[in-house]
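Here's the letter readout for the chains.
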Amino acid sequence: MGSTYYAKINIIICLIAMSRKKDSNENESSDMSFNNDDFFKKETKKLIQDYVAHTKKLNTEIKLIADTKPYKMAYLSRKFIHEFLKGSWNDRKIFIKWISSKFFNRKTPPQSGENPLLSLIKFNNEKIKNLNTFKEELTNLDRAMEELDRILLESNFNFVDLFVLKCGWNMDLFQRPQHISINFSDLGGLVLFRGAYDGVDQNMVKPIHKIKKNLYLLDMDHEEFFNYIADKLTSVKKPKILHLYSTDNEFEMSEIEKFEKMGFKILYEYVDEISPDISQKSIPDETYLKHESILKNTKYIIITTADKLYQEVYQVRKSFNLISSSNGVEYSHWKIEKEKISMPADIKTLIESRMPIIGYYGAIAPWMDYVLVEKLLKERPGYQVVFIGQILNSSFSEDTFSEYHNFHFLGVKSYYELNNYAIYFDVCMIPFIVNEITESTSPIKLFEYMALNKPIVTTDLYECRKYDSVMIGNSHDEFISKIDLALEKRNNKDYLELLKKEALENTWKRKTLDIMADLGLLEVKNDIQNKHHHPPP
């Protein structure tokens, strides 16, 4: 009887898969159309419910049999023959321990073979567990589909942004994807953001979670749900954006082309060199091929965050659908007052020492100039050097610079607490090696440093040289002397006003409005474009 139920369930699941395959083959204009299989799902749920009820009843009957004296005697006789009389010396030892435990009411030791009836109950319980999990997934999927329908029906929006990069929302580095998405939703967009990635957001996405008005996390790893999202958005009669990132190694070119056929604008953000040194894993050949295809297709809109990346794309397509948009800052988050926050405990001793704090936060990676940092530690023992961030590889460990009393590594801090640390820096620095990777980087921390109203010293990075508030060290000696100069400027009113001015010129809202204007999502191009919006060819 149980096997019949289980077979029926498997047949229903196969029918669902076949119906989808048939639907996919018949719909050439959109290979992602979602077939209505409510009947199959209802039948599957009913069969699961019947199977579980039947199996639980069967387990009760099996347990009654296992508790009878005839079965116990038969089981004892079988074990005695197979383990004590015919078994190995080790089998005999296990049998003696087992039979002793029965006489003296001790905990049963490991056995060479389990009670077959109890094993059957265990097997049935595992099936019940798996089927209940599957049933719960079907129920959650139904709820998610209903929730998505409600969101599309009730939300007031002018465009949809489908963000498919697998980065998650609550990642340690809260960066451009989150900030642009927040501002898209604030400025009239409905943002559907891919969540639940590699443990990130797992407690939030089941499979839809509302972050704020018009901004939702969705579990797009669920293929059936992702197909449903695509199908529902196809019928939305407003601009739709498929939002891609150059750092994505998984979303395939064939999928991009399907969304293009479904009426989506393709927006591709080229934010860093495509390099295993950044991703900390090998880059598939398909990612490079996809990148080349996107650059050549002038119908696709490309955003570059650094001038070096802009020039690279310009060589391929000139300025067709090409936008330059550096990173930015959420000004209000970083413009805080010490008097209104609690001093973090793990930096309190440094603050109370009254020695200058020279700080860096962000990724601690191979492009950090560790020789420069060590020189700073040696030559300025009266400066406290603080690192906060995520260690990306073995180029740095918590023991690095441990011989220097003035170096302090505080580990990873979330975006929502990081400002409470950085406000106590006297000087903010970016001590990067100058190479292909760093020349192609628009450091988000640069604009956050500005909003903190802290003097900034960096190495000779192209994207940092653009701003008058940044003090550039062209050599190790000059970098350290600029740190000294920066300390003198801590209370310079003109300099602090310059920091504020450049921070406000580079807010995420301004960046987002510029992007929306270039995408045709604003009627008139806003006059708040930043001065580096379109680099010269």
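The structure under discussion appears in the preceding block.
The text that follows walks through the structure, step by step, so that each part is easy to find. (Residues numbered from 1 in each chain as written. Predicted model: local features only at pLDDT ≥ 70, side-chain atom pairs only at ≥ 80, totals over all residues. Heavy atoms only, no water.)

Burial of strand S14 (residues 470-473) is two-sided: the residues Val470 and Ile472 facing one way and the residues Met471 and Gly473 facing the other way are all buried. Alignment of strand S13 (residues 456-459) against S14, held across four bridges, turns out to be parallel. Residue pairing across strands places threonine 458 opposite isoleucine 472, the latter belonging to S14. (Buried < 20%, exposed > 50% of the residue type's maximum accessible area, 1.4 Å probe, protein only. Helix = DSSP H or I, 4+ residues; strand = E, 2+ residues; numbered from the N terminus. Pairing = 2+ DSSP bridges.)

In this section: the sheet that holds strand S9 (residues 357-361). Each strand in a sheet pairs with its neighbour through backbone hydrogen bonds, running either in the same direction (parallel) or in the opposite one (antiparallel). Across the sheet, six strands lie side by side as S11-S10-S9-S12-S13-S14; this open sheet has parallel pairing. Unpaired on one side and paired on the other, strand S11 (407-409) and S14 mark the two borders of the sheet. Averaged over all neighbouring strand pairs, the angle between strand axes comes to 25°, with direction disregarded. The pairing of S9 with strand S12 (residues 427-430) spans two bridges and is parallel. (Axes fitted to C-alpha atoms, helices over the stretch in contact; angles between N-to-C directions.)

Time to look at the nonpolar core. With 92 residues, the main nonpolar core has Trp334, Phe387, Phe407, Met429, Leu446 and Met450 as its most contacted residues. Setting aside anything within four residues of it in sequence, one finds tryptophan 334 in contact with Val329, Tyr361, Tyr415, Leu418, Asn419, Ala422, Glu448, Ala451 and Leu452. Within the second largest apolar cluster, 46 residues are counted, among which are Val164, Leu233, Met262 and Tyr310. (Core = buried A, V, L, I, M, F, W, Y, C linked by side-chain atoms within 4.5 Å. Contact = heavy atoms within 4.5 Å.)

The topology assignment puts proline 443 in the loop between helix H16 (436-439) and helix H17 (444-452). For proline 443, a relative accessible area of 6% gives the class buried. Excluding its chain neighbours within four sequence positions, the residues that come into contact with proline 443 are Ile430, Glu463 and Cys464.

This part covers the pairing of S9. For a regular strand, side chains alternate in direction, first toward one face of the sheet and then toward the other. Summarising burial for S9: five of the five residues are buried, a large majority. Judged by which residues are buried, S9 turns out to be covered on both faces: Ile357, Gly359 and Tyr361 on one side and Ile358 and Tyr360 on the other are all buried. Bridge count for S9 against strand S10 (residues 384-388) is five bridges, and the pairing is parallel. Directly across from glycine 359, in S10, lies its bridge partner valine 386. What joins S9 to S10 is helix H14 (residues 370-379), and the crossover it makes is right-handed. (Right-handed = clockwise from strand over helix to strand, strands pointing away.)

The next point concerns the packing of aromatic side chains. Summed over all chains, the structure comprises 27 aromatic pairs. Look at phenylalanine 226 and phenylalanine 259: their rings are 5.9 Å apart centre to centre, the planes differ by 55°, and that puts the pair in the tilted class. Of this pair, phenylalanine 226 sits in helix H7 (residues 223-234) while phenylalanine 259 sits in helix H8 (residues 253-261), placing them 33 residues apart in sequence. As far as burial versus exposure is concerned, phenylalanine 226 and phenylalanine 259 are alike and both buried. Between phenylalanine 396 and phenylalanine 409, the ring centres sit 5.4 Å apart and the planes meet at 65°, which makes this aromatic pair edge-to-face. Residue phenylalanine 396 is found in the loop between S10 and S11, and its partner phenylalanine 409 is found in strand S11; the two are separated by 13 residues along the sequence. (Phe/Tyr/Trp six-rings, centres within 6.5 Å; stacked < 30°, edge-to-face > 60°.)

One non-glycine residue, asparagine 214, lies in the positive phi region at around 65°. Within the element layout of this structure, asparagine 214 appears in the loop between strand S3 (208-212) and strand S4 (215-218).

What follows deals with the pattern of salt bridges. A complete count under the given rule lists 22 salt bridges for this structure. A salt bridge links aspartate 307 to lysine 466; the nearest nitrogen and oxygen atoms lie 3.1 Å apart. Here aspartate 307 is found in helix H11 (residues 307-317), whereas its partner lysine 466 is found in the loop between helix H18 (462-465) and S14, with 159 residues between them in sequence. Taken individually, aspartate 307 and lysine 466 each receive the classification buried, so the pair is uniform in this respect. In this structure, lysine 308 engages glutamate 436 in a salt bridge whose closest nitrogen and oxygen atoms are separated by 2.8 Å. With lysine 308 in helix H11 and glutamate 436 in helix H16, this pair connects stretches of sequence that are 128 residues apart. Residue class for glutamate 436 comes out exposed when judged on its relative accessible area of 52%. (Salt bridge = Lys/Arg side-chain N within 4 Å of Asp/Glu carboxyl O.)

Here we take up the environment of valine 200. Structurally, the position occupied by valine 200 is in the loop between strand S2 (189-194) and S3. Through-space distance from the C-alpha of valine 200 to that of glycine 168 is 5.6 Å; in sequence the pair is 32 residues apart. If we ignore the near neighbours within four places in the chain, the residues touching valine 200 are Cys167, Gly168, Trp169, Asn170 and Met171.

Turning to a nonpolar patch on the surface, a few remarks are in order. On the surface, Phe80, Ile81 and Leu85 cluster together into a nonpolar patch covering about 250 Å² of accessible area. By the element assignment, isoleucine 81 lies in helix H3 (residues 69-85). (Patch = residues over 30% accessible without salt bridge, like charges linked within 9 Å, V, L, I, M, F, W, Y side chains within 5 Å. Areas by Shrake-Rupley, 256 points an atom, 1.4 Å probe, with all protein chains shown as cover.)

Counting buried positions along H17 gives nine out of nine residues, so the element sits mostly inside the fold. All of the buried residues in H17 are Ile444, Lys445, Leu446, Phe447, Glu448, Tyr449, Met450, Ala451 and Leu452. In the segment just after H17, asparagine 453 is the residue with positive phi, at about 65°.

Another point: the packing of helix H6 (residues 176-186) against helix H21 (residues 508-518). Direction vectors running N to C along H6 and H21 enclose 70°, while the axes themselves pass 9 Å from each other. The angle between H6 and H21 falls in the class roughly perpendicular. Every residue of H21 that contacts H6 at Arg176, His179, Ile180, Asn183 and Phe184 is listed here: Trp508, Lys509, Thr512, Ile515 and Met516. A class-by-class count of the residues in the contact of H6 with H21 yields five nonpolar, three polar and two charged. (Parallel < 35°, antiparallel > 145°, perpendicular 65-115°, else oblique. Nonpolar A, V, L, I, M, F, W, Y, C, P; charged D, E, K, R; others polar.)

Geometric descriptors of this kind do not, in isolation, establish any biological role.
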